[in-house]
Amino acid sequence: MTSLYLVGAGGHAKVAIDIAIENGFDVSACIGLGAEAPYRSVPVLEGDDRISAFIVAGQSGFVAIGDNATRIRVGASVRSSGGHLSTLVAKSARISPTATIGLGTIIMEGVVVNAEATIGDLAIVNTGATVDHDCRIGSGAHLGPGSHLAGNVHIGAGAFLGAGTIVIPGITIGAGATVGAGSTVIRDVPPGALAFGVPAKIRKASA
């Protein structure tokens, strides 16, 4: 049984713990705020210095932080310190044998990832999302629960798609962009922009 520590101790960490245990990991600890209650008896350890101790001990890690920018930053810090990041895939997810999933990424319950899709490192594909053929999802992106990407959609690094987002074929959503929950995206969204609505419209351009 492989030992795994988590960075983060909130709601996202609870989901990650469930999937990790389902896949046979021994979750040794969450690194977060010491005041947070343990979930499934996994202790919560306070202090970023704890990460170094787990790296030295050779344990694999997973960054269970929902905020994209923080997850990317912490993941980069773990890797630059010589730490290994594990990938978590729920057993109920259906992943094509020709799809590629990056390190430190989580694929949650009921997700479908189809032929030759590529998902980068430290991404979140949340509950019930679908990623169709030839999609490209950048590092640190987050697809919200029930979001659906048609074929050949490109999602930039660090982008966020809210719950229930629908994206038609061939669309590009730029790095760091945000798409509001329940939106239907029929036109490209520039990097860093905010878009929402049916159809989605650009509400705020990148600064």
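Residues numbered from 1 in each chain as written. Predicted model: local features only at pLDDT ≥ 70, side-chain atom pairs only at ≥ 80, totals over all residues. Heavy atoms only, no water.

Caption draft 1: Representation of the nonpolar core within the structure. Among the nonpolar cores identified, the biggest contains 30 residues, and Val131, Leu149, Ile155 and Ile173 are the most heavily contacted of them. With near-sequence residues (within four places) excluded, Leu149 lies in contact with Thr130, Val131, Asp132, Cys135, Ile137, Leu143, Ile155, Leu161 and Val167. If you look at the next biggest cluster of nonpolar residues, it comprises 20 residues, including Ala13, Ile17, Ile19 and Ile124. (Core = buried A, V, L, I, M, F, W, Y, C linked by side-chain atoms within 4.5 Å. Buried < 20%, exposed > 50% of the residue type's maximum accessible area, 1.4 Å probe, protein only. Contact = heavy atoms within 4.5 Å.)

Caption draft 2: The sheet that holds strand β10 (residues 118–119), seen in detail. Read from one edge to the other, the open sheet built from five strands follows the order β7-β10-β13-β16-β19, with strand pairing classed as parallel. Looking at which strands have only one partner, the edges of the open sheet turn out to be β7 (100–101) and β19 (172–173). The pairing of strand β16 (residues 154–155) with β19 spans two bridges and is classified as parallel. Opposite Ile155, over in β19, you have Ile173 as the bridge partner. (Pairing = 2+ DSSP bridges. Helix = DSSP H or I, 4+ residues; strand = E, 2+ residues; numbered from the N terminus.)

Caption draft 3: Up close: the environment of Ala175. Relative to the helices and strands, Ala175 resides in the loop between β19 and β20 (178–179). Residue Ala175 is classed as partly exposed on the basis of its relative accessible area, which comes to 39%. Residue contacts for Ala175: discarding those within four places in its chain leaves Gly156, Ala157, Pro191 and Gly192.

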